[in-house]
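Structure assessment
Listed below are the residues making up each chain.
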Amino acid sequence: MTDLTTDINPRAGEFTEYRQAIRDLCRPFDAAYWIGVEHEGGYPEAFVRALTDAGWLAALIPAEYGGGGLGVTEASVILEEINRSGGNSGACHAQMYIMGTLLRHGSADQKRRYLPRIASGEWRLQAFAVTEPTTGTDTTQIKTVAERRGDTYVITGQKVWTSRVQHSDLMLLLARTTPAAEVARRGDGLSVFLIELGDAAQRGLTVRPIANMVNHETNEVFFDEVVVPAANLIGEEGRGFRYILDGMNAERILIAAECIGDGYWFTDRARRYARERVVFGRPIGQNQGVQFPIARAYANIRAADLMRYDAARRFDAGEPCGGEANLAKLLAADASWEAANVCLQTHGGFGFAAEYEVERKFRETRLYQVAPVSTNLILSYIGEHILGLPRSF
Ligand SMILES: Cc1cc2nc3c(=O)[nH]c(=O)nc-3n(C[C@H](O)[C@H](O)[C@H](O)COP(=O)(O)OP(=O)(O)OC[C@H]3O[C@@H](n4cnc5c(N)ncnc54)[C@H](O)[C@@H]3O)c2cc1C
């Protein structure tokens, strides 16, 4: 029988320097830590601070600005290992995937101003305000308005589900700069701004936390004529939706990697429990009714992982990877959710006991079916852009 010390991830021997460093960093942040933080409804500040101090959240910032200068593949391994260790990257992952917008479309001055401070950990760029209560997934129809007045923009409107605002210094905001009725294409007339949150809080920005199913710090954000310098517009006015779309591939790949980390965690926990738990005089894992669902969940994680590496490799090579990134996110989110369900079932009643962590990870991985992008939107991407089916919305 395979030894339980064998890593079920056959690629655990790749990127070992990063994997080992993240595993070592995550070790003190054990079950008791994550359960305690959730119990208090708190933010895993000590964990995020440790990751920041070790430079991991600056992985994608070029070395010339003090960052790690790594690719999306390495960044994905970092997030995978956090989730594989039992932790939750959701507390800080956005700094990785938001970064691309500033890197690719920010001005030289913006990069000089912000990147070194983010790389050093002095400032956090963890908040990304796109979703609005009345438009949901239909992003091009957002109603938050940024009106140009001299050297400033004045922002009015509302966002919802803006995560980590209370633990971030900077926020990327998508707002309308040209009325929807006046644009030629649905995606036109939207712009991206980099908001300094400390400053905005003094100028009409208010935040209302949303209690939710996981311990995820997320909020309604209200803008009451918030004035921001025009210098904080990223790229060209009116092209913001394209910039956001541009960043989606990295986001999809990184989230897929988190799901893969969860998936390995769930299947590993399930196999261990299935070997140890004896009922009817034998380990429950000896029953194929228990064994097969774990085997199937594992197979699906492995398959999704291949797609994740394919997408990441293409991304880092500068090749088009929209299809692969979307497929990776879809397959990985489905596989981690399946593995979560199987792991819970394998644990029977104990799966519901907080100290086993399964129920917490189960809730956390469920989110990936909905956010940052819901499964249906990925399926519609595949239908339209890969299979050439008619656009449905
Ligand atoms: C915990 C959490 C954190 C989040 N963090 C952020 C964040 O930091 N920043 C941010 O901007 N957003 C964030 N979101 C928002 C998230 O991205 C959205 O919830 C998600 O994109 C879905 O939008 P919606 O909730 O408005 O659903 P809706 O758009 O109302 O859709 C509801 C359901 O209908 C389906 N649906 C809608 N239209 C179609 C269609 N045409 N065809 C098929 N199915 C359709 C959707 O897939 C979904 O399942 C977060 C959400 C959660 C729950």
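Every chain is numbered independently, its residues counted from 1 as its sequence is written. Given that this is a predicted model, residues contribute local features only at a pLDDT of at least 70 and side-chain atom pairs are listed and counted only at 80 or more, while totals for whole chains, interfaces and linings are drawn from all residues.

1. A few points about the domain arrangement of the chain
Just so you know, the domain bounds were taken from an automatic or database domain assignment. Domain boundaries in the chain define domain 1 (16-120), domain 2 (125-238) and domain 3 (245-386). Of note, the centres of domain 1 and domain 2, computed from C-alpha atoms alone, are 23 Å apart. The partner domain 2 presents 16 residues to the 17 residues of domain 1 that form the contact. Secondary structure is summarised from DSSP: a helix means a run of H or I of at least four residues, a strand means a run of E of at least two, and numbering begins at the N terminus for each. Counting residues per element, the ones that place at least two in the side of domain 1 that touches domain 2 are helix 2 (31-40), helix 5 (94-105) and helix 6 (108-120). Contact between two residues is assigned when their C-beta atoms, built from the backbone, lie within 7 Å.

2. So, the site of the ligand
Throughout this description, a residue near a molecule or strand is one whose C-beta atom, derived from the backbone, lies within 6 Å of it. Around the ligand lies a shell of 22 residues, among which Val130, Gly136, Thr137, Trp161 and Ser374 are the nearest. Sorting the residues of the shell around the ligand by element identifies strand 1 (125-129), strand 3 (152-163) and helix 12 (375-386) as the ones contributing at least two each. Among the residues forming the shell around the ligand, the class breakdown is eleven nonpolar, eleven polar and no charged. Residue contributions to the shell around the ligand reach at least three from each of two domains, namely domain 2 (125-238) and domain 3 (245-386). Residue polarity is assigned by list, with Asp, Glu, Lys and Arg as charged and Ala, Val, Leu, Ile, Met, Phe, Trp, Tyr, Cys and Pro as nonpolar; anything else, Gly included, falls into the polar class.

3. Quick look at the packing of helix 4 (residues 72-84) against helix 8 (residues 240-276)
Lines fitted to the C-alpha atoms define the axes, with helices restricted to the stretch that makes contact. Angles between their N-to-C directions range from 0 to 180 degrees. Contact geometry for helix 4 and helix 8: axes closest at 7 Å, N-to-C directions at 35°. Read as a crossing pair, helix 4 and helix 8 show a hand that is right-handed. On the side of helix 4, the interface is formed by Val72, Ala75, Ser76, Val77, Leu79, Glu80, Glu81, Ile82, Asn83 and Arg84, while helix 8 contributes Ala250, Ile253, Leu254, Ala257, Glu258, Ile260, Gly261, Asp262, Tyr264 and Trp265. Its residues placed into classes, the contact of helix 4 with helix 8 shows twelve nonpolar, three polar and five charged. Two helices cross in a left-handed way if the nearer one is turned anticlockwise from the farther one by less than a right angle. They cross in a right-handed way if the turn is clockwise.

4. Comments concerning the packing of helix 8 against helix 10 (residues 322-346)
Relative to each other, helix 8 and helix 10 sit at 25°, their axes nearing to 7 Å. In terms of orientation, helix 8 and helix 10 fall into the roughly parallel class. As helix 8 runs across helix 10, the sense of the crossing is left-handed. Counted by class, the contact of helix 8 with helix 10 contains 18 nonpolar, seven polar and four charged residues. Here the word oblique covers every angle except those under 35 degrees (roughly parallel), over 145 (roughly antiparallel) and from 65 to 115 (roughly perpendicular).

5. Concerning helix 1 (residues 16-26)
With C-beta atoms placed from the backbone, a residue is buried if 20 or more other C-beta atoms are within 10 Å of its own, exposed if 12 or fewer are, and partly exposed between those counts. When we look at burial in helix 1, the residues that qualify are Tyr18, Arg19, Ile22, Leu25 and Cys26. End-on, the buried residues of helix 1 take up no more than an arc of 135°, which puts them together on one face. Counted as exposed and oriented over 90 degrees from the buried face of helix 1: Thr16, Glu17, Gln20 and Asp24. Tucked into the core, helix 1 has its buried residues touching helix 3 (45-53) and helix 4. The arc in question is formed by the directions pointing from the helix axis toward the C-beta atoms.

6. Section: the environment of aspartate 316
On the secondary structure map, aspartate 316 appears in helix 9 (residues 288-316). With 18 C-beta atoms packed within 10 Å, aspartate 316 lands in the partly exposed category. Along the sequence, aspartate 316 and glycine 349 sit 33 residues apart, while their C-alpha atoms lie 44 Å from each other. Aspartate 316 has contacts with Gly71, Val72 and Thr73, leaving out every residue within four places of it along the chain.

7. Thoughts on the pairing of strand 3
Relative to strand 3, strand 2 (residues 145-149) runs antiparallel, the two being bridged by five bridges. By the bridge assignment for strand 3, arginine 149 is matched with threonine 152. In textbook terms, the turn of a hairpin is the stretch between consecutive antiparallel strands, and for strand 2 and strand 3 this stretch comprises two residues, one of which, glycine 150, has a positive phi near 60°. Should DSSP find at least two bridges between two strands, the strands are taken to pair. Of the pairings in the sheet, the one linking strand 3 to strand 7 (residues 218-229) comprises nine bridges and is antiparallel in character. The partner of glycine 157 across the bridge, within strand 7, is phenylalanine 223.

8. Digging into the environment of glutamate 182
Relative to the assigned elements, glutamate 182 resides in the loop between strand 4 (170-176) and strand 5 (190-196). When the C-alpha positions of glutamate 182 and valine 342 are compared, they lie 51 Å apart, and in sequence the two are 160 residues distant.

9. A word on the nonpolar core
Membership of the largest hydrophobic core comes to 112 residues, with the highest contact counts inside it found for Phe193, Ile253, Leu254 and Ala328. Counting residues per element, this core draws most heavily on helix 8, at 17 residues. Leave out the neighbours within four places in its chain, and alanine 328 touches Arg252, Ile253, Ala256, Ala304, Met307, Arg308 and Ala311. Nonpolar cores are built from buried Ala, Val, Leu, Ile, Met, Phe, Trp, Tyr and Cys residues. These are joined into a set through C-beta atoms within 7 Å.

10. Section: unusual backbone geometry
Of the consecutive residues alanine 371 and proline 372, the connecting peptide bond is found in the cis state with omega at 5°. With respect to the helices and strands, proline 372 occurs in the loop between helix 11 (358-366) and helix 12. The backbone phi angle of phenylalanine 280 is positive, close to 55°, even though this residue is not glycine. Within the element layout of this structure, phenylalanine 280 appears in the loop between strand 9 (278-279) and strand 10 (282-283).

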